[in-house]
There are 4 protein chains.
Amino acid sequence: MVFAYQRTVRFQDTDAAGVVYFANVLAMCHEAYEASLAASGIELQAFFGGWDTAFAIAHASVDFFKPMVCGDRLIIHLTPNPTSRSEFEISYQVFMADTTQKPLSKAFTRHVCIDTATRTRQDLPHPIITWLNQWGETAPSPSSLAD
Amino acid sequence: MVFAYQRTVRFQDTDAAGVVYFANVLAMCHEAYEASLAASGIELQAFFGGWDTAFAIAHASVDFFKPMVCGDRLIIHLTPNPTSRSEFEISYQVFMADTTQKPLSKAFTRHVCIDTATRTRQDLPHPIITWLNQWGETAPSPSSLAD
Amino acid sequence: MVFAYQRTVRFQDTDAAGVVYFANVLAMCHEAYEASLAASGIELQAFFGGWDTAFAIAHASVDFFKPMVCGDRLIIHLTPNPTSRSEFEISYQVFMADTTQKPLSKAFTRHVCIDTATRTRQDLPHPIITWLNQWGETAPSPSSLAD
Amino acid sequence: MVFAYQRTVRFQDTDAAGVVYFANVLAMCHEAYEASLAASGIELQAFFGGWDTAFAIAHASVDFFKPMVCGDRLIIHLTPNPTSRSEFEISYQVFMADTTQKPLSKAFTRHVCIDTATRTRQDLPHPIITWLNQWGETAPSPSSLAD
């Protein structure tokens, strides 16, 4: 079950070349991540600022196949996957809303669960395991995760 | 008939004080303006970059009554009004989506219709008159507009 | 003594109309405010997130006289003024760096000193009084300030 | 000869977690790219919007080693390298300004030279060859470039 997020390209997303500024595509993907968390019942203000644990982005990458312009109606598919007891990855595909055949862009982020005070690694907490079960291709199984 | 735009506060909108960065409230209001144009059948890419006429923002102001945080579900009410043959104003009220009693913020923008090549004033074109008729408190009447 | 901040317009500041996106002019003015605080010895991370007092922006406005494009070298003049025991205002003028005759834009922000926990008004603290003395047109005098 | 760009982290760069929002690190790196172009005498408004050729970003990636906070004084080192007759890559290292030992972040972008009308590949034009010669580790040699 793939999480899908709808998003219209806005004037602020564009630059003087007339298309979406490259780094804003990653920001749109992060919006899809936020929407998927909210869809799993996670309260965003606490998640992004109030919890004892944070999910620091350690790596991000993005490929651009076709430019996007103001008013484009997009759909972003998101698939999270656990990669260790303390990490997960998310892959994103950005499509025009009327066709999900050829992506306009693909992106990828890697997140590390840390204690916000000590910035040391923590096991992924229960609400994130639930979110991974809900939207991931492969459900996380504690025994299959190596740190 | 008031135009209403729904918007969830995203992580990128916030700053290290934990609330929405002040200038981003104006950007959210501009999104509502874009959505109202699209709802009147105006093609946004052409409107914001391809037409011979542009609608330059000459003034903007914003008042902040309560802070907004990541995940807040907002509703923005927008009311445009013509102020001369070549200008219109838009007033915005930003509410929490569950109650439109006390606004969190109010904003205001003034737009001047100009020729993009010469940057001289132009009369408001037909699609904008239609948009003003659709969402404005008072419909524009050519005879009542003084330049 | 006017505080002057130099800033080059960057690609990200622009939009598909080829000029600086309107709300980004206010963000540039806020950068000038940050630079003026740092120039008075205020540590920015603490000021904007760690102090018990915050300086909430209650109002902002901006006028646009000429558009700015990518690569433009700007200079922003900033003048703060206290308006009560718990408030100050800042006025900004944005010029091309090679001439400070006609501003491209003028902006204005009003800041209220509050307790971050209770969000109630507080008297302006000592470091802000020092900053007002350093960069303001008129030095604040405790006896002349009415709340 | 490495190009070095100084940049102070601003309040707008941060998010509610108190650190720089991840995608903004890529935007800072793009600023360094713009500054290196200007340092080679390239006029930015024309480069990013007016030329017949554009340098579309096809790929970007970024690694985060340590978080950055408001007020941090950074230095970004940038090294461009041609990879074919129509492409170049740029690698970036983001350091605290007082020490260039351990980077806080590393990033990478790949740029394809295209005709803006047809969006087909073009050979890199002379001003970009000059820029590559000036700031690259290895000067481009037409004979060594394969498409």
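Residues numbered from 1 in each chain as written. Chains lettered and ligands numbered in written order. Predicted model: local features only at pLDDT ≥ 70, side-chain atom pairs only at ≥ 80, totals over all residues. Heavy atoms only, no water.

Asks: I keep staring at the sheet that holds strand S1 (residues 3-8) of chain B and nothing clicks. Help me out?
Replies: Pairing between the strands of a sheet is mediated by backbone hydrogen bonds and can be parallel or antiparallel. Spatial ordering of the open sheet is given by S1(B)-S3(B)-S4(B)-S5(B)-S2(B)-S2(C)-S5(C)-S4(C)-S3(C)-S1(C), a layout of 10 strands whose pairing is antiparallel. The open sheet has two edge strands with one neighbour each: S1 of chain B together with strand S1 (3-8) of chain C. Taking the axes of each pair of neighbouring strands and ignoring which way they run, one obtains an average angle of 25° across the sheet. Examined bridge by bridge, S1(C) and strand S3 (residues 73-84) of chain C share 6 bridges and lie antiparallel to one another. Its bridge partner lying in S3(C), C:Ala4 is registered against C:His77. (Pairing = 2+ DSSP bridges. Helix = DSSP H or I, 4+ residues; strand = E, 2+ residues; numbered from the N terminus. Axes fitted to C-alpha atoms, helices over the stretch in contact; angles between N-to-C directions.)

Asks: Explain the pattern of salt bridges here, please?
Replies: Between side chains of opposite charge, a pair can form when the charged atoms approach closely. Enumeration over the complete set of coordinates arrives at 24 salt bridges over all chains. The partner of D:Asp123 in a salt bridge is D:Arg85, and the shortest N-O contact between them spans 3.6 Å. Of the two residues, D:Asp123 is situated in the loop between strand S5 (105-115) and helix H3 (126-135) and D:Arg85 in the loop between strand S3 (73-84) and strand S4 (87-96); the sequence distance between them amounts to 38 residues. Residue D:Arg85 is classed as partly exposed on the basis of its relative accessible area of 37%. Salt bridges here are not isolated pairs; linked through shared partners, they connect A:Arg7, A:Asp13, A:Glu31 and B:Arg10. (Salt bridge = Lys/Arg side-chain N within 4 Å of Asp/Glu carboxyl O. Buried < 20%, exposed > 50% of the residue type's maximum accessible area, 1.4 Å probe, protein only.)

Asks: Help me understand the interface of chain A and chain D, please; the structure alone is not making it clear to me.
Replies: One frequent convention defines the size of an interface as the accessible area lost when the parts assemble. The interface is formed by 21 residues belonging to chain A together with 21 residues belonging to chain D. With both sides pooled, the region where chain A packs onto chain D buries about 1,700 Å², and carbon together with sulfur makes up 62% of that total. In this assembly, chain A and chain D are joined by 8 residue pairs in polar contact (both at pLDDT 80 or more). Only helix H1 (22-39), helix H2 (44-50) and strand S2 (53-64) of chain A provide two or more residues apiece to the side of chain A that touches chain D. Looking at the side of chain A that touches chain D element by element, the count peaks at 8 residues for S2(A). Alignment of S2(A) against strand S2 (residues 53-64) of chain D, held across 5 bridges, turns out to be antiparallel. Residue pairing in the sheet places A:Ala60 in a bridge with D:Val62 of S2(D). (Contact = heavy atoms within 4.5 Å. Buried area = accessible area lost by both parts, 1.4 Å probe. Polar contact = N/O pair within 3.5 Å; in protein donor to acceptor, adjacent residues only side chain to side chain.)

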